Amino acid sequence: MNFRKREVARRVFAYELNRSTYRFPKEDEKSPTYVLTPLGMRVNRVYFVGALLDKDEIKPDSGIWRIRVSDPTSAVYGYVSRFQPDALESLMEIDVPELVAIVGKIRNFEVGARIFVSLRPEYVSPVESDVRDYWVYETARQTIDRIRAMEKKEDDDCKLAWQIYNPNLNEYRQMVKQALLSLKEGFVVEGEEGEEIEFEEEFEFEEEEWDLSDILKD
Amino acid sequence: MEIESLADQIVSQFGRLGYDVDRDEVIKRLKLLVLEFKVPEREAVRTVRNWVIREYEIPREKVISESPLVKIEEIKKPGEWVSLKAKVVQLWDSSSPSVSQVGLVGDETGIIKFVIWAKSGKEEVEEGKSYLFKNVVTDSFQGRMQINIGRTSEIVEIDEEVQSPREIEIVGALVSIQQNSGLIHRCGSCHRVMTKGICPIHGKVRGYDDLRVKGVLDDGDNFYEIILNEDNIRDLTGIDLNKAKRIASERLDRNAVLSELKKLLLGRYYKVVGVRGGRYLLVRKVDRIGGVEGSEVDRLLEVLA
Ligand SMILES: [Zn+2]
């Protein structure tokens, strides 16, 4: 029987996702792709809730749409094509900006010397703000658990994350705190502006130059 | 386990039945299967037991009276003779003449479907009562285990009340709804879901409409396959069977119901209470999670401080 265990959908803030540039070597052609986050978690699939800010067809009639979706910590990019019919169908019905829940695979790709992280949604669904609130809370809780595991340095993936990223845990504590405070009424998130602009500029490459096959297909 | 102790188990098992089995021969056969042929222990034991039964011409009735007492969570393979103490949790309607009763039985470890065949000539079981089900055969259908109660099985009502299965509570996001959800057809005989008017067991038969969602609830650490019934779906979406049929006829498409349910349910958080039945979590109660308490947020902020 062709049975592979389903991948759990991890909860990761965009801030941590965007820095998850290490991809594990594949065991064989058919094995799933995992990336390692700076807080030592192996991720294949994520469940993400945030504001869908942009959706643009990368060139006319290409059928490939680039989306940008933001949680209280950062924005992350995603690509949707006809290989994800459910996601494409619902995306076409959504007017931006809109709060959405996304379940999707995480994909890394290289542009020059930089590695970008993106989402490949399996579906995109408009949701209510209480879903976003709970997601921020839950993701904060699970991120705190990861920070604790990083402090302990016991787990193999945590050790690897220290080796590869050597993260500043205080920076991540601060990020989680910002996200939680955003749930308080009237609180405005400042975000990581300097970084964001730089990232945006580098991202404005012509997508045709990239090999998108890996991020669009299974 | 050591070959010797496996052999002793087999020898003593048949010893209790009054057969003096050649221990050296049993060891020899087990060694060949396990050490040389690399057969799993379980299969080796089964093979040697079958050899003993043939060799000593042991009547079948004697052997199956020995079927081991198991807990429901231990039932994982089809074609095994087992006995279990369990409580009848639910009886379903059976319109098939070959089936006397069908439903669910449970013990503290889980829940499993049972089928009492009409041919078995058994007295009816009652919901809420506990029984010893002796010499039943495990079976699987589409990955789900069940027990079959036939002529050689025995059902004995017992005084002790078997504990109900432990309920678990999961909070998670509904990350997937499977294609065979929404407005479905079930077979009138066995209640299985039909595809294009065909029951996997009974072929082309008259079916009836039902509403269900087969989906995946994911809490970030684990996922749980859940099945929501019509009541659950109505509570969450306001769509009941009648409304579902109306949607299907208005849009001339039964799949429109599935699209609508996906739109209303996917990507949201739910708290689900239910019991594990094989690979599924059988849902008793489901509630939408409406946001987060301020005090919970404060608690996390304190942890960070
Ligand atoms: Zn049938």
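Residues numbered from 1 in each chain as written. Chains lettered and ligands numbered in written order. Predicted model: local features only at pLDDT ≥ 70, side-chain atom pairs only at ≥ 80, totals over all residues. Heavy atoms only, no water.

1. Some thoughts on the side chain of S125 of chain A
Then, in step 1: Among the structural elements, S125 of chain A can be located in strand β9 (residues 114–126).
Then, in step 2: Taking the relative accessible area as the measure of exposure, S125 of chain A reaches 6% and is therefore buried.
Then, in step 3: Setting aside its immediate chain neighbours within four residues, S125 of chain A contacts L99, V100 and A101 of chain A together with K263, L266 and R268 of chain B. (Helix = DSSP H or I, 4+ residues; strand = E, 2+ residues; numbered from the N terminus. Buried < 20%, exposed > 50% of the residue type's maximum accessible area, 1.4 Å probe, protein only. Contact = heavy atoms within 4.5 Å.)

2. Details of the sheet that holds strand β2 (residues 22–23) of chain A
Then, in step 1: Strand order in the open sheet made by the 3 strands is β2-β3-β4 (chain A), with antiparallel pairing throughout. With one partner strand each, in any of the chains shown, β2 and β4 (42–43) of chain A form the two edges of the open sheet. (Pairing = 2+ DSSP bridges.)

3. Details of the coordination of the zinc ion
Then, in step 1: Donor atoms from the polypeptide that bind the zinc ion are C187 of chain B (SG), C190 of chain B (SG), C199 of chain B (SG) and H202 of chain B (ND1), placed at 2.0 to 2.3 Å.
Then, in step 2: Here the donor residues for the zinc ion map to a single chain with the spacing C-x2-C-x8-C-x2-H. (Donors = N, O, S within 2.8 Å, 3.2 Å for Na, K, Ca; no water.)

4. Notes on helix α5 (residues 169–181) of chain A
Then, in step 1: Along its 13 residues, α5 of chain A runs 18 Å from first to last C-alpha, staying within 8% of the 18 Å computed at 1.5 Å per residue.
Then, in step 2: All of the buried residues in α5 of chain A are L169, Y172, R173, M175, V176, A179 and L180 of chain A. Down the axis, α5 of chain A shows its buried residues gathered within 160° of arc, on one side only.
Then, in step 3: Looking at the packing, one finds that the buried side of α5 of chain A touches α1 (14–18), α3 (129–152) and α4 (156–165) of chain A together with α8 (294–304) of chain B.
Then, in step 4: Capping the start of α5 of chain A is the job of one residue whose side-chain oxygen sits 3.0 Å from the backbone nitrogen of N170 of chain A: N168 of chain A. (Expected span 1.5 Å × (residues − 1). Arc of directions from axis to C-beta. Polar contact = N/O pair within 3.5 Å; in protein donor to acceptor, adjacent residues only side chain to side chain.)

5. Considerations on the interface of chain A and chain B
Then, in step 1: In this assembly, 36 residues from chain A lie in contact with 32 residues from chain B.
Then, in step 2: Carbon and sulfur atoms make up 61% of the area that chain A and chain B hide from each other, which totals about 2800 Å².
Then, in step 3: Inspection of the chain A/chain B interface yields 7 salt bridges.
Then, in step 4: For R288 of chain B, the salt bridge is made with D130 of chain A, and the minimal N-O distance between the two is 2.9 Å.
Then, in step 5: Counting across the chain A and chain B interface gives 15 residue pairs in polar contact (both at pLDDT 80 or more).
Then, in step 6: Going through the elements one at a time, β1 (9–10), α2 (85–93), β8 (98–111), β9, α3 and α5 of chain A are the ones with two or more residues in the side of chain A that touches chain B. (Buried area = accessible area lost by both parts, 1.4 Å probe. Salt bridge = Lys/Arg side-chain N within 4 Å of Asp/Glu carboxyl O.)

6. Some thoughts on the confidence of the model for chain B
Then, in step 1: The predicted model of chain B has a mean per-residue pLDDT of 88, with 96% of residues at 70 or higher.
Then, in step 2: Of all the helices and strands in chain B, helix α4 (residues 60–64) of chain B carries the lowest mean pLDDT, 67, while helix α6 (residues 241–250) of chain B carries the highest, 96. (pLDDT = per-residue confidence, 0-100.)

7. Side note on the packing of helix α1 (residues 3–16) of chain B against helix α3 (residues 41–55) of chain B
All names here are of chain B.
Then, in step 1: Remark: α1 packs on α3, axes separated minimally by 11 Å, with the N-to-C direction vectors making an angle of 35°. Like other packed secondary-structure pairs, α1 and α3 cross with a definite hand, here right-handed. Residues L6, I10, Q13 and F14 of α1 form the contact with α3, whose participating residues are E41, V45, V48, R49, V52 and I53.
Then, in step 2: Split into classes, the residues belonging to the contact of α1 with α3 amount to 7 nonpolar, 1 polar and 2 charged. (Axes fitted to C-alpha atoms, helices over the stretch in contact; angles between N-to-C directions. Left-handed = near helix turned anticlockwise from the far one by under 90°. Nonpolar A, V, L, I, M, F, W, Y, C, P; charged D, E, K, R; others polar.)

8. Observations concerning the domain arrangement of chain B
Residue and element names in this part refer to chain B.
Then, in step 1: You can read the domains of chain B as domain 1 (3–63), domain 2 (67–157) and domain 3 (168–304).
Then, in step 2: Computed over C-alpha atoms, the centres of domain 1 and domain 2 are 27 Å apart.
Then, in step 3: Carbon and sulfur atoms supply 20% of the area that domain 1 and domain 2 bury against each other, a total of about 400 Å² over both sides.
Then, in step 4: Here domain 1 is connected to domain 2 by 2 salt bridges.
Then, in step 5: The partner of K77 in a salt bridge is E43, with the nearest N and O atoms 2.5 Å apart.
Then, in step 6: On the surface where domain 1 and domain 2 come into contact, there are 2 residue pairs in polar contact (both at pLDDT 80 or more).
Then, in step 7: Those elements giving two or more residues to the side of domain 1 that touches domain 2 turn out to be α3 and α4. (Domains from an automatic or database assignment.)

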